[in-house]
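Tertiary structure, described
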Amino acid sequence: MSMEMTFRWYGAKYDTVTLQQIRQIRYVTGIITTLYSKMPGELWTQDEIHAMKKEVEDAGLHLAGIESVNVSDAIKTAGPDRDKDIDTYIKTLENLGKEDIHLVCYNFMPVFDWTRSELARKRPDGSTVLAYSQKTIDAINPETMFQSISGDMNGTVMPGWEPERMAHVKDLFAMYKDIDNEKLFENLTYFLKAIMPVCNQYDIKMAIHPDDPAWSVFGLPRIIINKENILKLMKAVDDPHNGVTFCSGSYGTNLENDLPDMIRSLKGRIHFAHVRNLKFNSPSDFEEAAHLSEDGTFDMYEIMKALHDIGFNGPIRPDHGRMIWDEVAMPGYGLYDRALGSAYLCGLWEAIDKEER
Ligand SMILES: [Mn+2]
């Protein structure tokens, strides 16, 4: 069995890209989606999941997994509602299992999901990309971070940056006041141990997304950032259902992370892959590049080769793309450059596959 090329889709109400367009990419057979309007801690009913799946299948595509079922701040901070929220999460997993869905991506980042200083940095060819400059981030007040970038969201709601949550950002920071890396790790293993039984019952593979960027931002703890920490998590809950979303663009933010080596060390535990390239201008300033190796800093062939070598057979997606050809879409999630990326990654995969046969 080979990997399955997939595309992230936010649902008809939120996405500028349609399932009909994605189907015509041809390289892509699977959809990674979510119930985008659900807040962390909210139950997903089986009816809602069924309707989401039917919509994807009616378009001739396969629902390959969920990105994401978000984890509440009460679970991340061991707050008073932790066990109640874990119970709800378990019921959601049960409902996903009953609908024959077996992959769930999630993250354990405090307050902010991924962080970027710019959503539309212009590159020499006129395309725009998400970018990160530590200098710019250091000058931003985290409480107004949302306002400072929301003007570039092209009218979309970006994952992890829901206006409802961002309205309480001050309270969110207060919740994490006493949470350091060790406590966050403990809360993560507590959560995973609690959900492993239902994951085993329905064969649901949990795939944790790394922190992006892979270091502490605004003094908040960050744990899923490197080989040492992710292997520690794999060992702490040593069940194949406790697995990984290998995101080259997130682990790759730290140039000390050797991406092909990390992939090989996680053999059997990578359930989902996000593959994209970054171009570094300095170790603390990077921008998202085209997928092509020579447009950025990573050797994309070596990344795909490592995935092939470990027998990776899960869903893979091109992850963020540049904004090209005057497309107006959610930053990183336009149609055109992700379609090019999926074709490129499939080309690499076919070549590696035939070489090794
Ligand atoms: Mn990713």
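The rules behind these values
Residues numbered from 1 in each chain as written. Predicted model: local features only at pLDDT ≥ 70, side-chain atom pairs only at ≥ 80, totals over all residues. Helix = DSSP H or I, 4+ residues; strand = E, 2+ residues; numbered from the N terminus. Expected span 1.5 Å × (residues − 1). Buried ≥ 20, exposed ≤ 12 C-beta atoms within 10 Å, placed from the backbone. Contact = placed C-beta atoms within 7 Å. Pairing = 2+ DSSP bridges. Axes fitted to C-alpha atoms, helices over the stretch in contact; angles between N-to-C directions. Core = buried A, V, L, I, M, F, W, Y, C linked by C-beta atoms within 7 Å.

What to know about helix 14 (residues 336-356)
Over its 21 residues, helix 14 runs 31 Å from end to end, which matches the ideal 30 Å to within 8%, given 1.5 Å per residue. Within the span of helix 14, buried status applies to Asp337, Arg338, Ala339, Gly341, Ser342, Tyr344, Leu345, Leu348 and Trp349. Turning to helix 14, the residues buried within the fold contact strand 1 (4-8), helix 13 (300-309) and strand 12 (315-317).

Re the sheet that holds strand 3 (residues 62-67)
Reading around the circumference, 1-2-3-4-7-8-9-12 is the order of the 8 strands in this closed barrel, with parallel pairing throughout. Pairs of neighbouring strands in the sheet enclose a mean axial angle of 30 degrees, with direction left out of account. Across 5 bridges, strand 4 (residues 103-107) lies against strand 7 (residues 205-209) in parallel orientation. Residue pairing across strands places Val104 opposite Met206, the latter belonging to strand 7.

Re the pairing of strand 6 (residues 128-133)
The element strand 6 is extensively covered by neighbouring structure, given that 5 of its 6 residues are classed as buried. As paired strands, strand 5 (residues 118-122) and strand 6 are joined by 3 bridges and run antiparallel to one another. Along strand 6, the bridge assignment pairs Arg121 with Val129. From the end of strand 5 to the start of strand 6, which pair antiparallel, there are 5 residues, and Gly126 there has a positive phi angle of about 95 degrees. Two strands pair when backbone bridges link them, and strand 6 and strand 11 (residues 285-288) are joined in this way by 3 bridges, in the antiparallel orientation. What sits directly across from Ala131, in strand 11, is Glu287.

Here we look at the nonpolar core
The biggest cluster of nonpolar side chains holds 86 residues, and the ones touching the most others in it are Ile31, Val104, Ile263 and Ile303. Those residues in contact with Ile303, other than ones at most four positions away along the chain, are Ser248, Leu259, Pro260, Ile263, Val275 and Phe298.

Things to note about the pairing of strand 4
Here strand 4 lies mainly inside the structure; 4 of its 5 residues are buried. The sheet contact formed by strand 3 and strand 4 spans 2 bridges and is parallel. Bridged to Glu67 within strand 4 is Cys105.

Quick look at helix 9 (residues 181-202)
Since the α-helix advances by 3.6 residues per turn, residues separated by three or four positions end up pointing in the same direction. End to end, helix 9 covers 31 Å across 22 residues, agreeing with the expected 32 Å (1.5 Å per residue, within 8%). Residues Leu184, Asn187, Leu188, Phe191, Ile195 and Cys199 constitute the buried set of helix 9. Summarising the contacts, the buried residues of helix 9 are in contact with helix 3 (73-77), helix 4 (82-98), strand 7 and helix 10 (227-236). Positive phi appears at Asp203, one or two residues downstream of helix 9, with a value of about 50 degrees.

Details of the environment of Met323
Here Met323 lies in the loop between strand 12 and helix 14. Along the sequence, Met323 and Ala120 sit 203 residues apart, while their C-alpha atoms lie 8.2 Å from each other. Ignoring anything within four residues of it in the chain, the contact list for Met323 reads Ala120, Ser127, Thr128, Ala329, Pro331 and Gly334.

Some points on the sheet that holds strand 6
With respect to topology, 4 strands assemble into an open sheet ordered 5-6-11-10, the strand pairing being antiparallel. Looking at strand neighbours, the two that pair on one side only are strand 5 and strand 10 (278-282), the edges of this open sheet. Along the sheet, successive strands turn relative to each other by an average axial angle of 35 degrees, direction set aside.

Geometry only, nothing functional implied.
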